[in-house]
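Each chain is listed here by its residues.
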Amino acid sequence: MLALPIKTLLGHYIYDANRNEILAVSKDLFNYISEVQAGEVCPDSYKSDQEFQLLQSCGYCCDSPLQDVAYPSIDLLKVKLERNLRMITLQLTQSCNFRCDYCIYSENSLYNRTHSHNSMSVSTAKHAIEFFKMHSIDNPNPVVAFYGGEPLLRFSEIKQITQYAEQVFEGKHISFRITTNCSLLSEDMVKFFFDSGHEFYLLISLDGPQQIHDKSRHYANGESSYQAVIDNVHMILDNHPERNK
Ligand code: SF4
């Protein structure tokens, strides 16, 4: 029985793990379930109790219905990895002009890399795009994502890789994603992303109003980043109101 007895000042309860619910129960039933959990009584000894029977008829106080845990998609994994990759994420640079307090790549990070000047060459990115092409034969909508650090530090490379990916995936509906802190966005970049026939989506990190955003998200020299980010968001929306969606 997957039930946890809980006693409070107000009464007796059980948490039923199968149903993920907490129920008020009588003191007798509470005591019985506690004794069963402690191995002090045989689980069958209470089967004739009316309250217990009622709960069981409603699907509570039952043994786990699980017989097997299986992930059907595992059977398809090999085929998916061979032929149906959805997206490739290119970590263009490990460098960033911000030092957010909660960054998983901060110098305090125990388990991840830290900020560095390492970057991905255009040639490596092109190989990755070719790999993606070979393994996404069944995917009509491939997605290439640019990630960092701050990927806009490598805008010139983003342009080259975008054009290459569009050539490689000619005939398919290819789109691009960028995860950015948005502080470096320029009008030229906005033109390239939204006026040059490419399909780009920007994921912009903004924590909220200035006092909240600036609490954690600041430049490497500690200065506030809010105004630059919000000005650039407005630059996008002024030129492309449809992006408001
Ligand atoms: S912008 Fe992103 S990568 Fe840069 S410090 Fe902040 S969380 Fe880390």
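Residues numbered from 1 in each chain as written. Predicted model: local features only at pLDDT ≥ 70, side-chain atom pairs only at ≥ 80, totals over all residues. Heavy atoms only, no water.

### Some points on the domain arrangement of the chain
Then step 1. Each assigned domain of the chain is listed with its residue range as follows: domain 1 (3-57) and domain 2 (73-244).
Then step 2. Placing the centre of domain 1 and that of domain 2 at their C-alpha centroids yields a distance of 52 Å. (Domains from an automatic or database assignment.)

### Re the pairing of strand β6 (residues 175-180)
Then step 1. The pairing of strand β5 (residues 143-147) with β6 spans four bridges and is classified as parallel. In the strand pairing of β6, Val-144 is matched with Phe-176.
Then step 2. Regarding topology, helix α5 (residues 155-168) serves as the crossover connection from β5 to the parallel β6, and that connection is right-handed.
Then step 3. Across five bridges, the pairing between β6 and strand β7 (residues 200-204) is parallel. Considered in β7, the bridge of Arg-177 is made with Tyr-201.
Then step 4. For the crossover that starts at β6, traverses helix α6 (residues 187-195) and ends in the parallel β7, the hand is right-handed. (Pairing = 2+ DSSP bridges. Helix = DSSP H or I, 4+ residues; strand = E, 2+ residues; numbered from the N terminus. Right-handed = clockwise from strand over helix to strand, strands pointing away.)

### A word on the sheet that holds β6
Then step 1. Strand order in the open sheet made by the four strands is β4-β5-β6-β7, with parallel pairing throughout. Each edge of the sheet is formed by a strand with only one pairing partner; in this case those strands are β4 (87-91) and β7. Direction aside, neighbouring strands of the sheet carry axes that sit 20° apart on average.
Then step 2. On the sheet, helix α4 (residues 122-134) packs against β4 and β5 and is oriented at approximately 170° with respect to β4.
Then step 3. Along the sheet, α6 makes contact with β6 and β7, crossing β7 at roughly 130°. (Axes fitted to C-alpha atoms, helices over the stretch in contact; angles between N-to-C directions. Contact = heavy atoms within 4.5 Å.)

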